[in-house]
Every structure is written in structure tokens, then in C-alpha cells.
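Analysis of the macromolecular model
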Amino acid sequence: MSANHSAVLDLVNVWLRYGNGVLALQGVDLRLEAGEFVFLVGQTGSGKSSLLCLINREVRPTSGEVWVDGQDVARLRAGHVPALRRKVGVVYQDFRLLPDRTIWENVAFALRVIGVGGRELSRRTEMALDVVGLADRARALPHQLSGGEQQRATIARAIVNHPPILLADEPTGNLDPDTSWEIIQLLNKINILGTTVLVASHDQMIVDRLQKRVVELDHGTVVRDEAGGRYALQAVPTVRNSGQGRDPRLRVLDGLRYDP
Amino acid sequence: MILKSLPFLFHEAWLNIRRQALMTVASVSTVAVSLSILGIFLFLAWQLHAWTAELPNQFEIHAFLRMTTSRATAASLTEQFRQMSGVREARLVTREEAWDAWRRQQQNRTDLYGEENPLPDKIVVKAENGARTLALADAIRNLPGVERVNAGEEVIRRLISVASIVRTAGLILAGLLALGTAAIISNAIRLTLFARRREIRIMQLVGATNGFIRFPFILEGIVAGVLGATIACSLLYLAVIYLQERVRLNLTLFTPLHIRVDLPLFFAALAALGLVTGLLGSMISLRRFLRA
Ligand SMILES: Nc1ncnc2c1ncn2[C@@H]1O[C@H](COP(=O)(O)OP(=O)(O)O)[C@@H](O)[C@H]1O
Ligand SMILES: [Mg+2]
């Protein structure tokens, strides 16, 4: 037992071996304070997705502790998993919208299935659509939207229940550079509004541009953890970071305009 | 929480059913067919059982008394029989009454037997319940004053064994068919589950409880089961009406076609069976699916 798990996210010596024998994570330690924005980088197969899956209990670690909001979710009883999932929003590369429901219904769906209804449902759905800038596309079906708009919709769905943590697994993997940058700006905005954000990505452009804390995985181990980092190691001297992030509120959204 | 979400949950179940309209039609009709077959077996088993159970009632136990028995003793024996447990009726037929009856029956042939009455007094006993007839006959046989007992044993014995075979076979068949029906519904639900795997996945990701996720599918299973049962009940009801019409034309009181099944109970049982198999079927496939 580590001393104090006040951090919003605290992985302690996490090992993960899949049923097929693949060792996906090897002794990972990672700590995120509330309000941080962190990039998780590394080559395909380095264990980024696996790490994210541990946080919302898609997968249980073979050993180690996964503290989320003061709870070790590695030891969480199955009956408590839904409550955990309500605290952790997720966004994927492939959007995963329901094709036969409108954008509004897709976002509202996440509230309906946890028992929210009536005016509360409309209020929160509209607010989330507002945040992602899709209020005027609410009645459209997913296939009528561009890729970027679809990703905005999934982000709205992920934050509609105001989770303290947002996980994004390659959220720009299917998008062109301009759109990718818009999506990252949106995630940054959500972070500034108070959500802790962890983004797995191997999109060098956006990682370099945003200058956030970067954690690099290689064959399931953390090989780098630096504040204001870049995607690749070659640049600026590496600062080993204890896990302490800077206050994201210091960064003003306006300063992040994309400027090719 | 579930209560507040009922409109949404019912709507989702309705979407399941509508989007998979063909599947729903297919599963409802397979349920209807298998429940109809099951219903026919159940009906026949019930009918045969009731019929055979009631047959021995037609048989009386005839206890012939010794010739030396006085009329007073015969009367007290009759009273004694009447008090025995399982006896519905005990009646003394004196040798004179029996002789008169016999001669009336034989009419023209009295000369063959002369005027001497060869018959003893006898006590005619009816059991409360057909199946008890044999045991009762054995008990009576050992009583003093009783010379001989005639209870149609052979026939009764056969009928009772036929009844129990019919009942056992009917139950086994009904059980097998119920399992088959549950499997069919389970399969249909599995297909719906597969078609809706995206919705389920998202429900799981945003923290819907398992109960919430299951509800629409369980509802769907129940609807399929009950709808199928309703169709099966309607078909069987028509068949029963037809059967009754035939029996009326055939006006025989004691016929195997005379309906002995308690129809409201029978149809209620069939509907309940539909509901339970629907519930069971959906739970089986949900168990497998949500665990994976
Ligand atoms: N469900 C799984 N079962 C077995 N092996 C898996 C599974 N998911 C991922 N892996 C393996 O674990 C390693 C890490 O994969 P992953 O976490 O997806 O890496 P990344 O997201 O960085 O590409 C890879 O070797 C991958 O093949
Ligand atoms: Mg991945």
C-alpha cells in the first residue's frame, strides 16, 4: 500500500500480462494530479491502450494498484464498476457513435442509461453539445457529419455526465492535421474547465505543439516522463518529472491557436 | 432509478423488437409452434390421466358374504365398511334382491336354474378415489364373514399403470419441449444482443448497471414467450371447441373424448410456460453475452 492516494490517478507498480502471454505493462508507476493534461506516447504495441483500459476497469492488472479518485479499481467488486465508469469518460479513435440515432440522442443516451431523464437530461445534453460546438448539428445523424464533428460528438457523450477524468485513445488517429488540432484544442478546453485529461497518441505534431506533460511507454515500461515535453526525445533536455504537473489554468486557450 | 427510466427502457425494448422485426416474427412463431406441440402433449397427457384416473370409479367392489351370515351381521358389516377410510358408498344387496334382479335380467331362462336361490348376500362398495379401489378390496377380503371379493383387479391394475406411464411420458416430453422453446428464445435474444452489441458496449462504457442493460432484452424475451403462448393458446382453443362439437354429436357419456382437462387452468399453465421460457431464454443468452 502506498501512503497517500490523493492524486486523481495513481498507478503503482502495475504489471499486466494478457491471457495469451503478452506482457503489455511491466512495473508502471504513473501519478496524475487533478486538473492535469497528460500525453501518453509510444510506438504501437507499447501498451498505451492497455494502460487506459486499466483505469476504467476494462482490464484488471495482473499485479499492482490502480487508484482512481481514491479507490483501488484493481480490487473493485464487479458491482461497483458502473459507478467507476461514470467517473471516467472515454473517447476512441473510431468514434463509436450509434449510427441510427441523432447526435442529440447519442449524447443523451449516455445519460438515459444511467437513469437521468426529463429536463435534467435535456439541460445536460445541450450543455455538452454547446461545449463541443455541435449545438446546431444536434438533429443530424452521425453519417451526415465530418470526422471531426463525429469526434466532437463522442467527446460530448464522454463529458455529458461531468466525469472528473477523461481518457482519449488516439482521438485524432482518423483525422486530418487541421481537424486533429481542433480536437486537441477542444480536449484542452475541457481540461481547463476542470477535467483531468489523459490522451494516448502517437500524433507527433499535436504533442509537440501543445507542450504538455508527456509520458512515454516502451515495451510496457515508462521510459520518459517530462513536463512541457515533446513527442520524441531528441529535442530539449529531458526533465525527469516526479508526476507533478503544472496548473493547467496558467495556460490560456487563446495562446494555442493553430498556425501552420 | 429503474422506475423513472421505465419509459426509456420500454422504448428500447420496442426498438429491439421493431428493428429486428423479422427476427421477432421468427422467434414468436417458433415459440407458438413449439408451445402448440407442447400444449397438445400436455392436453393429451392430462386428458388420458384424468380419464384413466376416473375409470376405476366405475368399478365397484363386490364383497360376497358367507351363506351362514345372518342378516343382522350383514347390516352391521355394511355399516363397518361405510366407516372405513376411502369408502364413498357401501350398500347391502340381499340375496333376495340379487336373485330378483338376476332373474329379471335373464327373463325367459329361469327354468334353466330352477327356483332355488344360489346367491349369497353381498355388500357393494365404491371407493372415494379410483386408485384406492385395489387397496380397499384387499382390506375387505380379510374381514370375517367375507367369502370372496370381486373388484375387477386385472383391469384396474392395467389402467393404473397406463395412467402413470402416460403421465410420466407426458411430463418428460413437456420438459424437453420447454427446454427446446427456451433454447429457441435464447437464440433469438442472442441475435438481438449481437445486433445491438454497439449499444451494449456504450452502455457498459458510460456506466450503465447490468440490470439496466438487461432489462430491455428480458422484456423482449418475455414478450416473445407470451405472444407465442397467446397464439398457441388460441390455436388450441379452436381445436378444443372443434373437439367439443364432435363430442356433442357423438353423445356418449363415457368416452375418452369427453373433455376432462380444466381449460382455464390449462391455458394459464401454457401462458405461464411461455413467460417462464421467455424469461429463461433471455437470461441464458444475457448471462453468456455480458460475461464475455
Ligand atoms: N486483449 C488483448 N489480448 C492480448 N494481447 C493484447 C490485448 N490487447 C493488447 N494486447 C497486446 O498488448 C501489447 C500492448 O498493446 P496496446 O496496449 O494496444 O498498445 P498500444 O495502444 O500502445 O498500441 C501488444 O503487444 C498487444 O498485441
Ligand atoms: Mg492503442
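Residues numbered from 1 in each chain as written. Chains lettered and ligands numbered in written order. Predicted model: local features only at pLDDT ≥ 70, side-chain atom pairs only at ≥ 80, totals over all residues. Heavy atoms only, no water.

1. A closer look at the confidence of the model for chain B
All names here are of chain B. Put simply, the test is: pLDDT runs from 0 to 100 and stands for how confident the predictor is about each residue. Strands are runs of DSSP state E lasting at least 2 residues, helices are runs of H or I lasting at least 4, and numbering of each runs from the N terminus.
Averaged over chain B, the pLDDT score is 80; the fraction of residues at 70 or greater is 86%. Highest mean pLDDT in chain B belongs to helix H7 (residues 197-205) (90); lowest belongs to helix H6 (residues 153-195) (78). For this predicted complex, the interface score ipTM comes out at 0.82, while the overall pTM is 0.71.

2. Side note on the packing of aromatic side chains
Stated precisely, the cut-off is as follows: Within 6.5 Å between ring centres, the rings of Phe, Tyr and Trp (the latter by its six-membered ring) count as paired, and their orientation is classed by plane angle as stacked under 30 degrees, edge-to-face over 60, tilted in between. Relative accessibility decides the category of a residue: with a 1.4 Å probe and only protein chains considered, values under 20% of the type maximum give buried, values over 50% give exposed, and everything between is partly exposed. Criterion for a charge above a ring: Arg CZ or Lys NZ at most 6 Å from the ring centre, at most 35 degrees from the ring normal.
According to the stated counting rule, one finds 7 aromatic pairs over all chains in the structure shown. Pairing Phe10(B) with Phe215(B) gives two aromatic rings, centres 6.1 Å apart and planes at 70°, and the pair type is edge-to-face. Taken together, the residues span a long stretch of sequence, with Phe10(B) in helix H1 (residues 6-19) and Phe215(B) in helix H8 (residues 210-249) at a distance of 205 residues. Residue class for Phe215(B) comes out partly exposed when judged on its relative accessible area of 23%. Here the aromatic cluster, defined as three or more aromatic residues joined through ring pairs, consists of Phe43(B), Tyr237(B), Phe266(B) and Phe267(B). Between the NZ or CZ atom of Arg96(A) and the centre of the ring of Tyr92(A), over which it lies, the distance is 3.8 Å. Against the face of Trp181(A) rests Arg209(A), its NZ or CZ located 5.5 Å from the ring centre.

3. A few points about the environment of Val131(A)
Residues and elements named next belong to chain A. Test applied: What makes two residues a contact is simply this: any of their non-hydrogen atoms within 4.5 Å.
Relative to the elements of secondary structure, Val131 occurs in helix H4 (residues 118-132). In the structure, Val131 is positioned 118 residues away from Asn13 in sequence and 36 Å away in space, judged by C-alpha atoms. Not counting residues up to four positions away in its chain, the partners in contact with Val131 are Ile159, Leu186, Lys189, Ile190 and Leu193.

4. A look at the site of ligand 1
Residues and elements named next belong to chain A. Quick note on the threshold: Being near a molecule or strand, for a residue, means having at least one of its heavy atoms within 4 Å of it. We call two N or O atoms a polar contact when they sit within 3.5 Å, provided that within protein one can donate a hydrogen and the other can accept it, with sequence-adjacent residues counted only if both atoms are side-chain atoms. Residue-level accessible areas treat just the shown protein chains as cover; the underlying method is Shrake-Rupley with a 1.4 Å probe. Residues are grouped as follows: nonpolar covers Ala, Val, Leu, Ile, Met, Phe, Trp, Tyr, Cys and Pro; charged covers Asp, Glu, Lys and Arg; every other residue, Gly included, is treated as polar.
What surrounds ligand 1 is the set Tyr18, Asn20, Val22, Ala24, Gln43, Thr44, Gly45, Ser46, Gly47, Lys48, Ser49 and Ser50. At 3.4 Å from a nitrogen atom of ligand 1 is found a side-chain nitrogen or oxygen belonging to Asn20. When ligand 1 is considered free in solution it has 550 Å² of accessible area, and contact with the protein chains removes 63% of it. By residue number, the principal contributor to the shell around ligand 1 is helix H1 (residues 48-55), which donates 3 residues. For the shell around ligand 1, a count of residues per class yields 3 nonpolar, 8 polar and 1 charged.

5. Details of the sheet that holds strand S3 (residues 122-127) of chain B
Residues and elements named next belong to chain B. As a reminder, the rule being used: DSSP-based pairing: two strands are paired if at least 2 bridges between them are found. Axes, fitted as lines to C-alpha atoms, cover a helix only where it is in contact. Angles between the N-to-C directions of the axes lie from 0 to 180 degrees.
Spatially, the 4 strands line up as an open sheet ordered S2-S3-S1-S4, and their pairing is antiparallel. On the outer flanks of this sheet lie strand S2 (87-93) and strand S4 (146-150), each paired with one strand and no other. The average undirected angle you get between the axes of adjacent strands in this sheet is 20°. By the bridge criterion, 4 bridges tie strand S1 (residues 61-65) to S4 in an arrangement that is antiparallel. Directly across from Phe64, in S4, lies its bridge partner Arg148. Packed onto the sheet, helix H3 (residues 71-83) meets S1, S2, S3 and S4 and runs at close to 170° relative to S2.

6. What to know about the environment of Val206(B)
Counting through the fold element by element, Val206(B) comes out in the loop between H7 and H8. A residue is classified by how much of its surface remains accessible, and Val206(B), at 14% relative accessible area, is buried. Separated by 172 residues in sequence, Val206(B) and Ser34(B) place their C-alpha atoms 39 Å apart. Those residues within four positions of Val206(B) in sequence are excluded, and the remaining contacts are Arg85(A), Arg86(A), Ala110(A), Val113(A) and Ile114(A).

7. What about the interface of chain B and chain A?
The following threshold applies: Using a 1.4 Å probe, buried area is obtained as the accessible area two parts lose upon being combined, added over both of them. A side-chain nitrogen of Lys or Arg and a carboxyl oxygen of Asp or Glu constitute a salt bridge if their distance falls within 4 Å.
Taken together, the contacts link 20 residues of chain B with 21 residues of chain A. With both chains or domains summed, chain B and chain A bury close to 1800 Å², and 59% of this area falls on carbon and sulfur atoms. Of all residues in chain B, Ile202(B), Leu205(B) and Val206(B) give up the largest surface area on contact with chain A, accounting jointly for 33% of the area buried on that side. The interface formed by chain B and chain A holds 3 salt bridges in total. One salt bridge in this structure joins Arg101(A) and Glu199(B), with 3.5 Å as the shortest N-O distance.

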